[in-house]
Amino acid sequence: MYNYLLTSSLWLEALVKKEVQKQWYEITEVQDKAIYFSAGEEAIARMNLWSRFWNVLYFIVWAAKRVRDFDAYFDIVYQQDWRKYIPEGFEVVVNATSIKSELWAISTLQWVAKKAIVKSLVWEGKLRENSDKWVIEIRILMDNDTLRIMLNTSGDGLHRRWYRELTGQAPLKENIAAALVILSGWKYKQPLYDVFCGSGTIAIEALMIAKNIAPGMKRRFAFQDWNWISRELLDEEKKRAESKQFDGEYKIYASDIRKEVVESAKRSASFAGFASEIEFSCQDYKEALRKASSWYIVSNPPYGIRLDEDDAEGIHTWLAEIFAQTDIQGGIISSDLEFEKRGKTKFKKRKLYNGWEMCYFYRKL
Ligand SMILES: C[S@@+](CC[C@H](N)C(=O)[O-])C[C@H]1O[C@@H](n2cnc3c(N)ncnc32)[C@H](O)[C@@H]1O
């Protein structure tokens with residue numbers, strides 16, 4: 001058994017936890033933005049592939065309690081089998097985080113770890129740094145004096161899928177978009193509509209959820225370059241994931257008032273392989289909602305704070321009223337704390353961060 005850490009956005013921990021449990025892995029600890037679990041080696045491939053809500057999967061090389069001085073810290077880092085973990089010729093990045101620990105100086109934690117790793121490597125006298133390819137990230141986590149030495153198995157954050165062309169305004173991260181679809185309570189057989197679709201991410205993530213497509217199927221992961229992980233592992237997990245896909249028909253619509261944004265969203269959907277499965281159109285949200293009066297809405301209207309050219313306030317007032325007056329279900333993500341007061345409908349509120357902005361997902365009750 002090995003130990004792992006999944007990092008998550010704040011307030012998405014419960015969703016991440018459920019996904020780990022779905023794979024029958026044992027959760028050992030849950031903290032803010034961190035879910036620890038233990039599992040076999042296959043979890044490296046499986047959890048990277050099924051990365052719907054989390055950011056990075058770390059493999060925990062070693063954990064030690066009560067590490068309170070740098071000599072002990074150096075020795076523990078030095079004793080690890082770095083020749084196994086660092087493929088020859090790779091750049092190494094050492095990052096460190098310290099929470100409520102005696103060893104708190106980040107730059108010293110990084111510097112000492114690098115010294116210890118270099119000393120334990122025979123094949124090379126120094127670590128190559130600061131390049132953007134062939135990188136292996138070693139992360140040092142000091143948490144209440146417990147040291148964890150970890151390897152980033154994912155590489156780039158897992159919210160970065162592979163399909164997205166970025167020309168929209170204030171796009172949601174893919175994992176947040178996926179979370180909204182789940183939090184909205186959408187039952188996949190109902191038509192789903194995003195009336196402020198921007199990059200189309202909500203619609204694309206919704207289709208992937210409905211079809212049970214593993215979000216990491218077409219991207220690369222850092223662990224694919226490691227020779228201590230069997231090459232077949234990822235292929236086997238991909239085959240397993242493919243066997244779990246559904247081939248149903250789903251009605252998913254997405255529109256935006258900006259033509260160039262809709263064109264770009266269409267290209268992303270087509271890149272994702274969904275060219276004919278999401279119906280895109282260019283129109284004002286009022287017009288779109290008139291046609292969709294009993295559908296499921298999952299949307300991210302303009303915020304005002306980030307995009308001030310749209311009439312964010314007018315849009316929020318109109319949306320609150322339409323939720324109150326029609327059978328439209330679902331909800332919106334918004335940083336507008338007054339949203340509920342604008343109409344006469346009750347919403348279930350769920351806190352979320354969109355980038356650095358605190359928001360709520362307002363789901364109509
Ligand atoms: C916050 S962004 C949505 C971002 C999107 N969720 C994504 O992930 O890319 C808001 C979008 O609303 C669109 N918009 C603004 N006013 C609109 C209107 N009256 N009708 C429809 N869309 C509008 C903007 O063009 C913008 O793409």
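Structural data are supplied above this passage.
The structure contained in this document is the topic of the report that follows. Fair warning: this is a prediction, and the values are worked out from it, not measured in the lab. (Residues numbered from 1 in each chain as written. Predicted model: local features only at pLDDT ≥ 70, side-chain atom pairs only at ≥ 80, totals over all residues. Heavy atoms only, no water.)

1. Let's talk about a negative patch on the surface
- Taken together, the side chains of Asp-69, Asp-71, Asp-75 and Glu-102 present a region of like negative charge at the surface.
- Mapped onto the elements, Asp-69 comes out in the loop between strand E4 (54-64) and helix H3 (70-78). (Patch = residues over 30% accessible without salt bridge, like charges linked within 9 Å, V, L, I, M, F, W, Y side chains within 5 Å. Areas by Shrake-Rupley, 256 points an atom, 1.4 Å probe, with all protein chains shown as cover. Salt bridge = Lys/Arg side-chain N within 4 Å of Asp/Glu carboxyl O. Lys, Arg positive; Asp, Glu negative; His and termini not counted. Charge placed at Lys NZ, Arg CZ, Asp CG, Glu CD. Helix = DSSP H or I, 4+ residues; strand = E, 2+ residues; numbered from the N terminus.)

2. Description of the packing of helix H6 (residues 174-183) against helix H7 (residues 201-210)
- Here H6 crosses H7 at 65°, and the two axes come no closer than 8 Å. As for the relative orientation of H6 and H7, their crossing is right-handed in sense. Between H6, through Glu-174, Ala-177, Ala-178, Leu-180, Val-181 and Ile-182, and H7, the contact on the second element is made entirely by Thr-201, Ile-202, Glu-205, Ala-206 and Ile-209. (Axes fitted to C-alpha atoms, helices over the stretch in contact; angles between N-to-C directions. Left-handed = near helix turned anticlockwise from the far one by under 90°. Contact = heavy atoms within 4.5 Å.)

3. Description of the nonpolar core
- With 99 residues, the main nonpolar core has Phe-37, Tyr-73, Trp-82, Ile-138, Leu-151 and Ile-278 as its most contacted residues.
- Ranked by residues supplied to this core, first place goes to H7 with eight residues.
- Counting residues domain by domain, this core receives three or more from each of domain 1 (2-152) and domain 2 (174-215 + 251-364).
- Among residues more than four places away in sequence, those in contact with Ile-278 are Ala-203, Ile-204, Leu-207, Ile-252, Ala-254 and Ala-269.
- Counting 20 residues, the second largest nonpolar core, distinct from the first, contains Val-195, Ala-292, Ile-315 and Tyr-360. (Core = buried A, V, L, I, M, F, W, Y, C linked by side-chain atoms within 4.5 Å. Buried < 20%, exposed > 50% of the residue type's maximum accessible area, 1.4 Å probe, protein only. Domains from an automatic or database assignment.)

4. Here we look at the sheet that holds strand E3 (residues 34-39)
- Judged by pairing direction, the sheet is mixed, and its seven strands sit side by side in the order E2-E3-E1-E4-E7-E6-E5 without closing on themselves. Because the sheet does not close on itself, it has two edges, and the strands there are strand E2 (26-31) and strand E5 (91-99). Each neighbouring strand pair of the sheet contributes to a mean axis angle of 25°, computed without reference to strand direction.
- Of the strand pairs in this sheet, E4 and strand E7 (residues 146-152) are connected by six bridges, and their pairing is antiparallel. (Pairing = 2+ DSSP bridges.)

5. Remarks on the environment of Trp-356
- Tracing the chain through its elements places Trp-356 in the loop between strand E13 (347-354) and strand E14 (357-364).
- You can call Trp-356 exposed: its relative accessible area is 86%.
- Residues Trp-356 and Ser-184 lie 172 residues apart in sequence; the distance between their C-alpha atoms is 22 Å.

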